[in-house]
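# Structure assessment
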Amino acid sequence: MTIARRLIKMEGDVEPFIVRIQTTTANKVLELPIYAADFRQPSIVVEWGDGSSSTITSTSDPDRFHTYVTPGTYDITITGFLSGFRVDNNSNYRSLYKAVVQWGNVGLITVSFYGCNNLTSIPSSGFAGLNSVINWNNTFRSTGLTSIPAGMFDESTSSQTFVDTFSFSRITSVPNNLFDNNTQVYSFSSCFNACTSLTTVPTELFRYNTQVANFSSTFRNCRALTNIPTFQYNTIVTIFLNIFNMSSTSNQSSQWDLDEALWLRSPEPLGTTAFRNCTGIGTNPSSTYSYADIPSNWK
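Here's what I pulled together on the structure shown here. (Residues numbered from 1 in each chain as written. Predicted model: local features only at pLDDT ≥ 70, side-chain atom pairs only at ≥ 80, totals over all residues. Heavy atoms only, no water.)

### Some remarks on the side chain of T23
Rule in force here: For the purposes of this entry, the term helix denotes a DSSP run of H or I that reaches at least four residues, the term strand denotes a run of E that reaches at least two, and both are numbered from the N terminus. Here a residue-residue contact requires only that any non-hydrogen atoms of the pair lie within 4.5 Å.
Topologically, T23 is positioned in strand β1 (residues 17-23). T23 has contacts with K28, Y68, T70, P71, G72, Y74 and L96, leaving out every residue within four places of it along the chain.

Given below as structure tokens:
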């Protein structure tokens, strides 16, 4: 029995964080992207998936590097305490990641698979171990994900930022109640920026996010979007900059019903080019406002 498996057997609440990689060349070196979030160093056992394991106790530990002699698919199992796992668009390793097999329970505060274009699969359950995540910035940015699991953030009740969380990904829709439990969030800046395959979002997606101040570029260039959510509950927002800024008028997103005059709030939020190129607003009879009603600086 390996060290990690013994830890799990001894401590019933210990569940490993497992990611899957795929190498295509011999003697491929991988640097495990461990990160000391909140200055908290790791204390982990890593099973590399090829029969070998390492004990790592700092982000500078030389054992964070591992060589895969033979090309293949490997599940990396991390057991212990790890506050941060951040690929952060590292061009040497980002294409290796294929899936998150299990979130586990290792104490993650921040996690980023930014740039992992081959990452197409994440768990649809087992989110309890994500209860310590504060920062979801860049988590799935520029990945190959096409869907978001329902309940993904239910346990992350202390989360504060969702900046660029899904930007430039391939998601097509957003589940109902996705952010209902994230009542401490203050920024959704660029959360869905350039999700060009995104077609629908729940009307009350931000119903319980009453502390949000920043919606800058949240849906910028989401050119396939056929509806927009309400912001009536988000009364302290100071920034709507570029929130629906579209690169051109040739998209469905310009046909939305618009029922909220965000520019009439007092004090007026920053809304520069918030509705740029959304020229079809108001063409539906049910829309309260038309494109002509929007102030020039908001479009």
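### A closer look at the environment of G282
In this structure, G282 sits in the segment after β10 (110-112). Residues within four places of G282 in sequence aside, it is in contact with W256, S287, Y289 and S290.

### Quick look at the environment of L119
Inspection of the secondary structure puts L119 in the segment after β10. Sequence spacing of L119 and S142 is 23 residues, and the spatial spacing of their C-alpha atoms is 9.3 Å. Excluding residues within four positions of it along the chain, L119 makes contact with Y97, K98, A99, V100, F113, F140, T143, G144 and L145.

### Describing the sheet that holds β1
Note the cut-off: Paired strands are those between which DSSP finds at least two bridges. Lines fitted to the C-alpha atoms define the axes, with helices restricted to the stretch that makes contact. Angles between their N-to-C directions range from 0 to 180 degrees.
Read across the open sheet, the 5 strands follow the order β5-β4-β7-β1-β9; overall the sheet is antiparallel. The two strands at the open ends of the sheet, each matched to only one other strand, are β5 (53-56) and β9 (97-102). Here the average twist between neighbouring strands, direction ignored, is 20°. As paired elements, strand β4 (residues 43-47) and β5 share 4 bridges and run antiparallel to each other. Opposite I44, over in β5, you have I56 as the bridge partner.

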